[in-house]
Amino acid sequence: MELSPQKLNTFLFFKLPSAFWCGVRVKQIDNKQCVATVTHRWFNQNPFKSMYFAVQAMAAELTTGALVMYQIKKSGKNISMLVANNNSTFTKKATGRITFSCKDGALIEDAIRQTIATGEGQTFWMKSIGTDEKGYPVSEMNFEWSIRLK
C-alpha cells in the first residue's frame, strides 16, 4: 500500500487532529517531495491577524515527516522515526493560503540505506519552505530527524 495525499489526510484526522482541524492538508507526495497547504482563518490565527507559528510548524513538519514515512514504507524495513531538533525563520506575515514544500526525498533514501547497511541510527536535517499565494516565502523550517532499525 502506497502513501497518498488522501491516506495521509485521513491519518491526520485520526492521529493528529489538531493539524486536521487547523486546516493542514497534504496535496502531493512522491519519493522526492511532499507538498501541504493550510489557509489562514480565524481558527488558526495569532493576535496579529496572521497564521499562528505553530500551525505553520505543523504543516512544515508534516511535509518532512510524510516523506520519511514514505521512504520507510518503501524500504520494507521496521524503522522508527523521531524529530530530534528543529529551527525556523519567519520572513513575512502568513495570510491567505500557505503552501509548504519539502524536496529532500533523496536525502532520506540515503539515510535509510545507511541505517539498514550498518544497523546504526542516522540523523539528518530536512527543510520545508512555506510560500504565500503570490509565491513569496513566509517561513523556512528545518527539522532534524532521527531514524533507527527497531
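Structure first, text after, so check above.
Residues numbered from 1 in each chain as written. Predicted model: local features only at pLDDT ≥ 70, side-chain atom pairs only at ≥ 80, totals over all residues. Heavy atoms only, no water.

Topic: the environment of G119
Relative to the assigned elements, G119 resides in the loop between α4 (105-118) and β5 (122-131). Separated by 31 residues in the primary sequence, G119 and K150 place their C-alpha atoms 9.5 Å from one another. Once residues lying within four places of it in the same chain are set aside, the contact partners of G119 are Q114 and L149. (Helix = DSSP H or I, 4+ residues; strand = E, 2+ residues; numbered from the N terminus. Contact = heavy atoms within 4.5 Å.)

A look at unusual backbone geometry
Residues other than glycine seldom take positive phi values, yet K49 does so here, at roughly 65 degrees. Structurally, K49 is set in the loop between β2 (34-39) and α3 (53-75). Under the relative-accessibility criterion, K49 is labelled exposed at 58%. (Buried < 20%, exposed > 50% of the residue type's maximum accessible area, 1.4 Å probe, protein only.)

Here we look at the side chain of Q33
Position of Q33 relative to the elements: it lies in the loop between β1 (25-29) and β2. The residues touching Q33, leaving out its near neighbours within four places in the chain, are Q28, L67, C102 and K103.

Points about the packing of α3 against α4
Running from N to C, α3 and α4 cross one another at 45 degrees; their axes reach a closest spacing of 9 Å. One finds that α3 runs oblique with respect to α4. In the crossing of α3 with α4, the sense of the turn from one axis to the other is right-handed. Contacts between α3 and α4 pair L67, V68, Q71, I72, K74 and S75 from the former with G105, I108, E109, I112 and I116 from the latter. Here the residues of the contact of α3 with α4 sort into six nonpolar, three polar and two charged. (Axes fitted to C-alpha atoms, helices over the stretch in contact; angles between N-to-C directions. Parallel < 35°, antiparallel > 145°, perpendicular 65-115°, else oblique. Left-handed = near helix turned anticlockwise from the far one by under 90°. Nonpolar A, V, L, I, M, F, W, Y, C, P; charged D, E, K, R; others polar.)

Notes on the layout of surface pockets
By volume, the largest pocket amounts to about 210 Å³. Along the walls of the largest pocket sit 14 residues, with F11, L12, L16, E61 and L62 positioned nearest its centre. Secondary-structure elements contributing two or more residues to the lining of the largest pocket are α1 (5-15), α2 (17-22) and α3. At six residues, α3 tops the list of elements feeding residues into the lining of the largest pocket. Of the residues that constitute the lining of the largest pocket, the class distribution is eleven nonpolar, two polar and one charged. (1 Å grid on protein atoms, 1.4 Å probe; cavity = no way out; pocket = protein on both sides within 12 Å on 5 of 7 lines; lining within 4 Å. Points joined across faces, edges and corners; volume = space filled by probe spheres on them.)

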